[in-house]
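Residue strings, one per chain:
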Amino acid sequence: MTSTGLVVFGLVSLLGLMSLLPPLAGRLRLPYSVLLAVVGVTLGIVVTLRPDQAIPSSMLHDVIDALGSVEVSSEAFILIFLPALLFEVALAIDVRRLVDDIAPVLTMAVVAVVICALTVGFTLAQASPFGLIACLLLGSIVATTDPAAVVGIFREVGVPKRLTTLVEGESLLNDAAAIAIFTLLLDMLLSGGDGSIGGTVGRFFISFGGGAMAGFLMGRAACALFPLLGGWPQAEITLTIALAYLSFVVPEHYFHVSGVVACVTAGLVLGSIGKTRMHSHTFEQMEGVWGQLAFWANSLIFLLAAMFVPRIMEGTSLKEIGFIILVYLATLAARFCTVFVLLPLLTRAGLMQRINNRIKTVIVWGGLRGAVSLALALAVIENKSVPAATRDFIATSVTGFVLMTLFINGITLRPMVGFFRLNRLNPVARGVRDRAKLMTLTDVAAQLADISQREGVDREIADAALSNLEARLAVARARSHRGVELMADEMVKVGLTVAAAHEVERCYALLNARIVDRHIAEMLLREAQYVREAVRGSGRKGYARAAERGLGFGPAFRLALWLQRYLRIERPLADALADRFEFLMMQRQVLSDLVPFARDKLQPLIGEEAAGEIVAISARRSELVEESLLALKLQYPTYAADLQRQYLGRIARQRESAAYQSLAANLVVSGEVERELRAELERHWTGLDGRPKLDPELSAIDLVARVPIFRDLDIKRQQSIAQVLSPLLVLPDSPIVRRGDKGDAMYFIASGAVRVVVDPSVELGSGDFFGELALLTGHPRNADVVSLGFCKLLALKARDFNRLLAADAGLKERIERVAKERLNLG
């Protein structure tokens, strides 16, 4: 067999072996990485000792030869396998959770790497004959963690998602931090230790920050390309693979910043917004493809690296074993310091939620090391510029340390979780479990009885099957009522969490049905995800606060308002108003499904009382959305009508398209006929996805014509007045003037209404004006004035006040008369 044939044969043999290992690991209840290490070391021993020579089998000899011929360099390990591992984890991680917990994640990922490198480095520098730089280099290699085992156990036992995200985020970013530090220290080692500490730290931050910027830009560029690929899943998934490797290679080799950080950032960008750029089926396919690639990469890198272990550890002395134990203890101490000292400080500072000591202990013990550490050690072994003694020291110490974490921590991690009773459901989870079981068994019993009757199953057999179900139902009924009444608040929290998750799915459903465009879908998703996180943190109070915040006006809207008010730039405000209009309409559609969802789906799970509270909370939220939408409709009724027509058109298009798909799926029409029908459908609805144009209607001349005291003036006079009046859009419930302030303008109400806060309060509407008293008397404002909804005002500055009144005796008389009446009332 040729050398190429041997390599291919060896790789496919490893793939075949890999397919057997996950179920075996499950049966043995071992972390998958531990079993990979065992098999890899075993294969390395077999390839080295060649026990197959005693067996007369040419095929077995070829298999061992093939395995021995598969030698992958450290560069190949890093360039081929590492991007796939990093990108897949970044895709799967919840970016919003990561951002919310960014302080503890960065502490575990970056600060912990530095602490680990320093602890190991200074400890070994004192105990070994090697220099500080070499020892720090070893410390950076062993600082990377493999979260697979602890994350798998956390998911299995139902540990809160934020803790799983913390461990995943730690591994994702600490690989980047450790590799960046490793590269800098290796350069310092090869240059003889030249370079200041400040310069090294500066290069680290430049490399880290530059990589993040490059990855962000490349990820956004890829997301912008998805709509241009015509909805072809194969093309879109291929683009994600290209993105993973290009974001790793291009920043590293052309811009000299961290390719690891760039790859991670690109994956985070794609995972956060890619789902709104692809069809849901495509995104699911992509996740499946990346899951497969990551499985191959993780398994192969572990097996191939572990096969080097027998050669590396051959002839290890007692002194070297002592160094390995020292590294193991130093890394445990560094991790203990990070988890038990730094994380509580973040909790006290309000930057993260409290973690109990049992989970902290599991996080410390779960800091396994794996393939990345072995690959970095292999990079040192292959670098002939590193002194041979240093290479042997690093190779032996890292390899032995990785094996210790796998065979000690990895094997005992699950028993530790059991010892701390973390694998037991809390009372609320048990209550939900029991109700879910009751609901399911009730449905199954009804369906079984119906099937038995409809299909003529023998009565005795049907009764036996139903009696078995009835016995289980009796147990489930007893359990479902036990103690649940004592957990009403927690049940409401569980229900709101499920409802918020349902809200996220509804947003994706509207996007995939093309009822809502991508930009508005992203706004809806951000809001729904924020609500979900608020519920998890603070229950119903968090839900109420998040819902109220979602109806507020964010920084982008207020910036657009500022641009219109002070620079007379209207386009951003028109876009912001259109976004809010469509967002509220689509949110109303999403929320309309929450009340029936709570009644039909949640009530059997969480009980009637808790479900009733969720119905009331959801109904109140819908009312607030309706009120906000009504405020916009009153100001822009034409645009509201345009949006409603567009919405109904999109529904009609989606229903018609779904009907054609159903006809084709049931073979009523052929594929060709379906394609022709759908093409005709698209032609009919051309332009439906474009947004109607919203005119903010803030032209000064148009608003002047709406004010009764200006309405009868000739057009030239209106134009001259418009030149000194500034049009303003005021948001609902916003203060316009405040009591005690110096009067710098008076205001004419073109549309909308305001409340003058006096005793009793006075409401002014279209055609009224206010603020004139302060200008006439020179006194401070004598009342607060607050908008009752969206208001369009015309502001007359103090500097133009006297000039305008002098030019128009009728206007002067009207204003002075009203001012006198208001002074008399005061």
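Note: the structure precedes this text.
Each value, and the rule that gives it
- Residues numbered from 1 in each chain as written.
- Predicted model: local features only at pLDDT ≥ 70, side-chain atom pairs only at ≥ 80, totals over all residues.
- Heavy atoms only, no water.
- Phe/Tyr/Trp six-rings, centres within 6.5 Å; stacked < 30°, edge-to-face > 60°.
- Helix = DSSP H or I, 4+ residues; strand = E, 2+ residues; numbered from the N terminus.
- Buried < 20%, exposed > 50% of the residue type's maximum accessible area, 1.4 Å probe, protein only.
- Pairing = 2+ DSSP bridges.
- Expected span 1.5 Å × (residues − 1).
- Salt bridge = Lys/Arg side-chain N within 4 Å of Asp/Glu carboxyl O.
- Contact = heavy atoms within 4.5 Å.
- Axes fitted to C-alpha atoms, helices over the stretch in contact; angles between N-to-C directions.
- Lys, Arg positive; Asp, Glu negative; His and termini not counted.
- Disulfide = S-S within 2.5 Å.

Peer 1: What's the story with the packing of aromatic side chains in this structure? I'm lost.
Peer 2: To describe a pair of aromatic rings, you give the distance between the ring centres and the angle between the ring planes. Inspection of every chain in the model, using the stated rule, returns 13 aromatic pairs. Pairing phenylalanine 553 with phenylalanine 790 gives two aromatic rings, centres 5.9 Å apart and planes at 85 degrees, and the pair type is edge-to-face. Of this pair, phenylalanine 553 sits in the loop between helix H22 (518–550) and helix H23 (555–567) while phenylalanine 790 sits in the loop between strand S7 (784–787) and strand S8 (791–797), placing them 237 residues apart in sequence. An identical accessibility class is assigned to phenylalanine 553 and phenylalanine 790; each is buried.

Peer 1: Please clarify how the pairing of S7 should be interpreted in this entry.
Peer 2: Successive side chains on a regular strand alternate, one facing one side of the sheet and the next facing the other. Going residue by residue along S7, you find Val785 and Ser787 tucked away on one face and Asp784 and Val786 left uncovered on the opposite face. Bridge count for strand S2 (residues 735–737) against S7 is two bridges, and the pairing is antiparallel. Residue pairing for S7: valine 737 is matched across the bridge by valine 785. Here strand S4 (residues 754–757) runs beside S7; their pairing, made up of four bridges, is antiparallel. The residue of S7 that forms the bridge with arginine 755 is valine 786.

Peer 1: Teacher, can you tell me more about helix H17 (residues 371–382) here?
Peer 2: Each α-helix winds once per 3.6 residues, and so residues spaced three or four apart point in a common direction. Over its 12 residues, H17 runs 16 Å from end to end, which matches the ideal 16 Å to within 8%, given 1.5 Å per residue. Here H17 lies mainly inside the structure; 10 of its 12 residues are buried. Considered for burial, the residues of H17 that qualify are Ala371, Val372, Ser373, Leu374, Ala375, Leu376, Ala377, Leu378, Ala379 and Val380.

Peer 1: How do you make sense of helix H21 (residues 488–512) when you look at a structure like this?
Peer 2: Its 25 residues give H21 an end-to-end C-alpha distance of 36 Å, which sits within 8% of 36 Å, the value for a rise of 1.5 Å per residue. At the exit of H21 stands arginine 514, carrying a positive phi of roughly 65 degrees.

Peer 1: Where do I start with the pattern of salt bridges in this structure?
Peer 2: For side chains bearing opposite charge, pairing can occur when the charged atoms are close. Summed over the entire model, instances satisfying the criterion amount to 24 salt bridges. Residues arginine 571 and aspartate 575 are paired through a salt bridge, measuring 2.8 Å at the closest nitrogen-oxygen approach. Placement of the pair is arginine 571 and aspartate 575 together in helix H24 (residues 571–591), with a separation of four residues, close to one helical turn. A relative accessible area of 43% means that arginine 571 is categorised as partly exposed. The exposure class assigned to aspartate 575 is partly exposed, which follows from its relative accessible area of 33%. With its nearest N and O atoms 2.9 Å apart, the salt bridge here joins aspartate 689 to arginine 653. Within this pair, whereas aspartate 689 is found in the loop between helix H28 (671–684) and helix H29 (700–706), its partner arginine 653 is found in helix H27 (residues 637–665), the two being separated by 36 residues in sequence. In this structure arginine 653 comes out as buried when scored by relative accessible area, which is 3%. What emerges from the salt-bridge pattern is a single network uniting Arg514, Asp579, Glu582, Arg650, Arg653, Glu682, Asp689 and Arg691.

Peer 1: Would you take a moment to explain the sheet that holds strand S3 (residues 745–751) for this structure?
Peer 2: Strands pair in a sheet through their backbones, by hydrogen bonds, and they do so in one of two ways: parallel or antiparallel. Strand order in the open sheet formed by four strands is S1-S8-S3-S6, and the pairing between neighbours is antiparallel. The open sheet terminates on both sides in strands that have one partner only, identified here as strand S1 (725–730) and strand S6 (769–770). Summarising the sheet, S3 and S8 pair through six bridges and their orientation is antiparallel. Each residue of the ladder has a partner; that of phenylalanine 748, found in S8, is leucine 794. Packing of helix H33 (residues 798–807) onto the sheet brings it into contact with S3 and S8, and relative to S8 it is tilted by some 80 degrees.

Peer 1: How should the environment of phenylalanine 770 be read in this particular structure?
Peer 2: Structurally, phenylalanine 770 is set in strand S6. Accessibility expressed as a relative area gives 3% for phenylalanine 770, which makes it buried. C-alpha of phenylalanine 770 to C-alpha of valine 756: the two residues are 14 residues apart in sequence and 8.7 Å apart in space.

Peer 1: Explain the sheet that holds S7 to me, please; I cannot follow it from the model alone.
Peer 2: Read from one edge to the other, the open sheet built from four strands follows the order S2-S7-S4-S5, with strand pairing classed as antiparallel. Edge positions in the sheet fall to S2 and strand S5 (762–764), since each of these pairs with one other strand and no more. Strand-to-strand twist across the sheet, computed as the mean angle between neighbouring axes with direction ignored, equals 30 degrees.

Peer 1: It is not clear to me how the side chain of arginine 391 should be interpreted in this structure. Could you clarify?
Peer 2: By the element assignment, arginine 391 lies in helix H18 (residues 388–419). Despite its burial, arginine 391 remains without a salt bridge, the nearest opposite charge being carried by aspartate 392 at 5.7 Å. Among residues more than four places away in sequence, those in contact with arginine 391 are Val380, Ile381, Asn383, Lys384 and Val386.

Peer 1: It is not clear to me how unusual backbone geometry should be interpreted in this structure. Could you clarify?
Peer 2: Note: most peptide bonds trans; most residues except glycine with negative phi. Positive phi outside glycine occurs at histidine 256, with the angle close to 55 degrees. If you trace the backbone, histidine 256 turns up in the loop between helix H11 (233–254) and helix H12 (259–277). Residue histidine 256 is classed as exposed on the basis of its relative accessible area, which comes to 65%.

Peer 1: Would you mind showing me how to read the state of the cysteines here?
Peer 2: As used in these notes, a disulfide is a covalent bond between sulfur atoms, one from each of two cysteines. One pass over the full model with this rule turns up zero disulfides. Considering cysteine sulfurs only, cysteine 223 is the nearest to cysteine 263, which forms no disulfide, with 14 Å between them. The buried category is assigned to cysteine 263, whose relative accessible area is 0%. Free cysteine: cysteine 507, not disulfide-bonded; nearest cysteine sulfur from cysteine 223 at 18 Å.

Peer 1: Would you mind showing me how to read the environment of alanine 177 here?
Peer 2: Structurally, the position occupied by alanine 177 is in helix H9 (residues 161–190). Ignoring sequence-local partners within four residues, the contact set of alanine 177 consists of Ala109, Val110, Val113, Phe204 and Phe208.

Peer 1: Can you walk me through the pairing of S3 in this structure?
Peer 2: Most of S3 sits out of view: seven of its seven residues are buried. Bridge count for S3 against S6 is two bridges, and the pairing is antiparallel. Looking at the pairing, phenylalanine 748 lines up with phenylalanine 769 of S6.

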